[in-house]
Amino acid sequence: MRIEDALRQWGDYQGRQDKPADFDAFWAKAKKEVEMLGTDCELVPADFTSSVADCYDLFFTGVHQSRIYAQLLLPKTSQQKFPVIFQFHGYHSDVGDWSDKLALVAEGYAIVAMSVRGQGGKSEDHLQTNGGTLKGHLIRGIEDGAENLFYRAVFQDVYQLTQVVSQLSFVDSSQMIAYGVSQGGALALVCAALCPTIKRVFVQYPFLSDYRTAYSLDVTQSAYEELAYYFRFRDPLHENEEKVFVTLDYVDIQYMADWIKADIVWAMGLEDRVCHPKTQFAVYNHIQVPKKLYFYPEYGHEYLPKFNDIIHQTLIND
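Residues numbered from 1 in each chain as written. Predicted model: local features only at pLDDT ≥ 70, side-chain atom pairs only at ≥ 80, totals over all residues. Heavy atoms only, no water.

J.: Which residues make up the overall build of the protein chain, and what are the values?
T.: A tally of helices and strands in the protein chain yields 10 helices and nine strands. Rg of the C-alpha trace for the protein chain: 19 Å, near the compact-globule value of 20 Å for 318 residues, within the 12% margin. Once the C-alpha set of the protein chain is aligned to its principal axes, its extents read approximately 60 × 50 × 30 Å. The burial tally for the protein chain puts 57% of its 318 residues in the buried class. For the protein chain, the proportion of contacts with a sequence separation of at least 24, taken over those separated by at least 6, is 73%. Summing over all exposed atoms, the protein chain offers an accessible surface of approximately 13,500 Å²; the carbon and sulfur share of this is 47%. Charge separation in the protein chain, taken as the distance between the mean sites of 28 positive and 42 negative side-chain charges, equals 2 Å. (Helix = DSSP H or I, 4+ residues; strand = E, 2+ residues; numbered from the N terminus. Rg over C-alpha atoms; globule rule 2.2 N^0.38 Å. Buried < 20%, exposed > 50% of the residue type's maximum accessible area, 1.4 Å probe, protein only. Contact = heavy atoms within 4.5 Å. Areas by Shrake-Rupley, 256 points an atom, 1.4 Å probe, with all protein chains shown as cover. Lys, Arg positive; Asp, Glu negative; His and termini not counted. Charge placed at Lys NZ, Arg CZ, Asp CG, Glu CD.)

Quick look at the structure:
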C-alpha cells in the first residue's frame, strides 16, 4: 500500500524544471578544464595488507591544485585487466576501512574509493571563496557564482578520477561501475553522467537534487539544512533567494540524468526525510535507461538491509 501511495504522489514527478539554458555548455567547459590536467597519478603501496587484495593509496592533482586521494584495491590474481567499481562516500565522512571493500575484490573487481575534497578524508580543498560557509559545503562559493561552487569542483574530481583510472594498464575501461550512498549516491550518478562509458550504477537515496523542493520541505531536518542557515544568517530578507537557487541549479543532478547511459539499480527509504523521496524522484524520473527501484517502506536515511546482497548478486551474475 505505501509503495502504491508513493508512486501515486511522486511516480510522475519531474522536479521544478529550472535547468539553466547554458547548463550543457557549463559542464562541457568544466570537463575540458579537467581534461587539460591530464591523467598523471601517484600509486603508493598502502599500509593495509590482505591475502586477496593488493592495496594502494592513489593521488592526483585536481582543479584548484587540490591533491585528491582514493583507495585502490586490486585482486591478487593472474588476470591482466580488472573491471572497476568507483565508490563514493556520504556527506562529511571519508572512504571508510579497506576491509569494507574486500568482498567484491574477492569476486575479481578492482575498487576505487574517492575521498571527497575537504571532508573527512585525505583529499585537499584549495578552492577560494567569499561569503559564509556555515553548516556545510552546499553553500560554499554560492556568492561567487556557479563556477566557484564547491560541488562543481567535486563533480570535476569525479570526472577526473574516471579519466585517471581508465588509463591504468590493469583496468578494463569497458567494465566500469559506480556506487554510492547519499552524497555518494549523487556522485555515483554524476560519475555516470559525465563519463558515459560507465556501465552500471548502484545508488541509495542520493543527495544534491531539486533544491527548491528540498528547501520547501522540512529543511532543517534534512541534508539541505544549510540552506535555511544561509538565509537566516546571510540573507534574512531573502533578497537574493532567486540568485541562490539559480546558482545551485548548475549542480543539481536531476539535470544530468538524461546524460546517463548506465543501467541503474536504486534503493529508496520511504521514511527518508534527510533526502526526501520526492527529491529523489525528481532525478529518477528523468533517467532514460534501464532502471530498477527497490522501495523500503519502513526505512529512512539509514542502512538498508539486503541491498548490498542485491549489488553482489547483480555483479556476479552479470
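J.: Now, about the sheet that holds strand β3 (residues 67-75): what can you tell me, with residues and values included?
T.: The strand order β1-β2-β3-β5-β4-β6-β7-β8-β9 describes an open sheet built from nine strands, whose pairing is mixed. Across the chains shown, the open sheet's two edge strands, defined by having one partner strand only, are β1 (42-45) and β9 (291-296). Within the sheet, the average angular offset between the axes of one strand and its neighbour, ignoring direction, is 20 degrees. In this sheet, strand β8 (residues 263-269) lies alongside strand β7 (residues 198-204) in parallel orientation, the contact comprising five bridges. (Pairing = 2+ DSSP bridges. Axes fitted to C-alpha atoms, helices over the stretch in contact; angles between N-to-C directions.)

J.: Any details on the packing of helix α2 (residues 23-35) against helix α4 (residues 150-166)? Residues and values, ideally.
T.: Closest axis-to-axis distance for the α2/α4 pair is 10 Å, and the angle between their directions is 55 degrees. Relative to α4, the element α2 is oriented oblique. Crossing of α2 over α4 shows right-handed handedness. Every residue of α4 that contacts α2 at F26, W27, K29, A30, K31, E33, V34 and E35 is listed here: R152, F155, Q156, Y159 and Q160. (Parallel < 35°, antiparallel > 145°, perpendicular 65-115°, else oblique. Left-handed = near helix turned anticlockwise from the far one by under 90°.)

Everything listed is a geometric property; what it means functionally is a separate question.
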